[in-house]
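Listed here are the chains, written in short residue letters.
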Amino acid sequence: MAARKTEPPRAWQRMLSGRRLDLIDPSPLDIELEDIAHGLSRVARWNGQTVGDAIFSVAQHSLLVEAIMTMHYAGLSKQDRLAALLHDAPEYVVGDMISPFKAVIGGDYKAVEQRLLSAIHLRFGLPATLPLPLTKQIKTADSIAAYFEATQLAGFTEEEAQTIFGKPALAVNRFEKLLQPWNANKAKTEFIDKLSGLLPVIREAE
């Protein structure tokens with residue numbers, strides 16, 4: 001009797017838009033803004049270990065990082081701000097794994113995440129790989145956001161947060177509205193509105 005052929009494991013995710021996004025070889029053509037916003041608005045930062053009736057979503061975190069970038073660095077283009085807004089966009093597919101767990105998993109996870117991010121960048125008119133100075137600016141803004149979230153939402157002391165994320169260069173009171181957890185619908189709408197507002201300049205240049 002002939003051996004049955006073993007089907008390879010499924011490596012795609014079906015989105016509400018109907019797209020099937022291949023995790024091994026993601027295509028920019030299968031990436032939709034609505035899918036990203038819907039997913040990120042329902043993914044919890046800090047594994048949900050935050051105060052408030054609603055989760056603090058990755059969509060809201062992304063808006064916070066973009067706001068911090070805009071305030072912290074002068075002369076940013078809309079492309080720079082768009083890159084900041086999309087810095088965690090792969091998490092609409094793979095979820096938000098906390099940094100300690102990413103460190104345990106290692107390279108394979110990071111490779112999948114980077115392929116997704118490159119496809120997302122191309123979908124929205126950004127280079128697949130961002131310039132190193134811009135990447136560093138986004139990382140700085142991300143660390144400031146993490147400090148604010150840790151101390152305002154996730155129960156960290158200021159000493160703990162400074163040890164892990166560094167001392168922020170901006171005052172938290174400038175971002176109080178973005179640190180109040182929103183429901184998923186508001187987070188989704190705000191994310192779409194912000195991203196849509198950053199797109200026209202890119203499209204006109206094409």
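Our subject in this report is the structure included herewith. Only a predicted model underlies this, so the values are computations on that prediction, with no experimental measurement involved. (Residues numbered from 1 in each chain as written. Predicted model: local features only at pLDDT ≥ 70, side-chain atom pairs only at ≥ 80, totals over all residues. Heavy atoms only, no water.)

1. Considering the pattern of salt bridges
When their charged atoms lie close together, side chains carrying opposite charge are able to pair. Worth spelling out the cut-off: The rule for a salt bridge is simple: a side-chain nitrogen of Lys or Arg has to be within 4 Å of a carboxyl oxygen of Asp or Glu. Note on conventions: DSSP H or I runs of at least 4 residues are helices, E runs of at least 2 residues are strands, and numbering of each starts at the N terminus. Buried residues are those whose accessible area, probed at 1.4 Å on protein chains only, stays under 20% of the maximum for their type, while exposed residues exceed 50% and partly exposed ones sit between those limits.
One pass over the full model with this rule turns up 7 salt bridges. For Arg19, the salt bridge identified is with Glu32, shortest N-O distance 3.0 Å. Highlighted residues: Arg19 in the loop between strand S1 (12-14) and strand S2 (20-22) and Glu32 in the loop between S2 and helix H1 (33-40), separated in sequence by 13 residues. Overall, the relative accessible area of 32% leaves Arg19 in the partly exposed class. One continuous salt-bridge network, built from bridges that share partners, spans Arg19, Asp30 and Glu32.

2. Here's the deal with the side chain of Asp88
Keep this limit in mind: By the counting rule applied here, Lys and Arg register as positive and Asp and Glu as negative, while His and the ends of each chain are not counted. Polar contact criterion, stated in full: a pair of N or O atoms within 3.5 Å, where within protein one must be able to donate a hydrogen and the other to accept it, and residues adjacent in sequence count only if both atoms are side-chain atoms. Contacts were defined at the residue level, with two residues in contact if any of their heavy atoms lie within 4.5 Å.
The residue Asp88 is located in the loop between helix H3 (78-85) and helix H4 (91-94) in this model. This buried residue, Asp88, is left without a salt bridge; Arg45 holds the nearest opposite charge, at 4.2 Å. A polar side-chain atom of Asp88 sits 3.3 Å from a polar atom in the side chain of His61. Separated by 3.1 Å, the side chains of Asp88 and His87 make a polar contact. If we skip the residues at most four places from it in the chain, Asp88 touches Leu40, Arg45, Val58, His61 and Ser62.

3. Description of unusual backbone geometry
Phi is positive for Trp46, close to 60 degrees, though the residue is something other than glycine. Along the chain, Trp46 falls in the loop between H1 and helix H2 (58-72). Phi is positive for Asn47, which is not a glycine, with a value near 55 degrees. Relative to the elements of secondary structure, Asn47 occurs in the loop between H1 and H2. Exposure remark for Asn47: the relative accessible area of 51% places this residue in the exposed category.

4. Some details on helix H7 (residues 132-152)
Operational definition: By this rule the span expected of a helix is its residue count minus one, scaled by 1.5 Å.
Across its 21 residues, H7 extends 30 Å between first and last C-alpha, which sits within 8% of the 30 Å expected from 1.5 Å per residue. Packing partners of the buried residues in H7 comprise H2, H3 and helix H8 (158-165).

5. Digging into the environment of Glu149
As for its position among the elements, Glu149 is in helix H7. C-alpha separation for the pair Glu149 and Leu178, spaced 29 residues apart in sequence, amounts to 10.0 Å. When near neighbours in sequence (up to four residues on either side) are disregarded, Glu149 contacts Arg45, Trp46, Phe56, His61, Leu64, Ala154 and Leu179.

6. Re the nonpolar core
Worth spelling out the cut-off: By convention a nonpolar core is built from buried Ala, Val, Leu, Ile, Met, Phe, Trp, Tyr and Cys residues, the set being connected through side-chain atoms within 4.5 Å.
Core analysis: the largest hydrophobic core is formed by 56 residues, its most contacted members being Ile36, Ile68, Leu86, Tyr92, Phe124, Phe191 and Leu195. Those elements that provide at least two residues to this core are H1, H2, H3, H4, helix H6 (107-123), H7 and helix H9 (184-198). The residues touching Tyr92, leaving out its near neighbours within four places in the chain, are Met15, Leu21, Ile31, Asp35, Ile36, Gly39, Leu40 and Ile120.

7. Thoughts on the environment of Gln79
On the secondary structure map, Gln79 appears in helix H3. Taking the C-alpha atoms as reference points, Gln79 and Gly125, separated by 46 residues in sequence, lie 8.4 Å from one another.

8. A few points about the packing of aromatic side chains
Put simply, the rule reads: Pairing of aromatic side chains requires ring centres within 6.5 Å, counting the rings of Phe and Tyr and the six-membered ring of Trp. Pairs whose planes differ by under 30 degrees are stacked, by over 60 edge-to-face, and all others tilted. Each ring is checked for a lysine NZ or an arginine CZ that lies within 6 Å of its centre and within 35 degrees of its normal; such an atom marks a charge sitting over the ring.
Scanning the entire structure with this criterion turns up 5 aromatic pairs. Relative to Phe165, the ring of Phe156 lies with its centre 6.4 Å away and its plane at 50 degrees, an arrangement referred to as tilted. A relative accessible area of 24% means that Phe165 is categorised as partly exposed. In this structure an aromatic cluster arises from ring pairing among Trp46, Phe156 and Phe165. Looking at Arg123, its charged tip hangs above the ring of Phe124, at a distance of 4.9 Å from the centre. Here the basic side chain of Lys186 rests over the ring of Trp182, its NZ or CZ set 4.8 Å away from the ring centre.

Any functional reading would require information beyond the geometric quantities listed.
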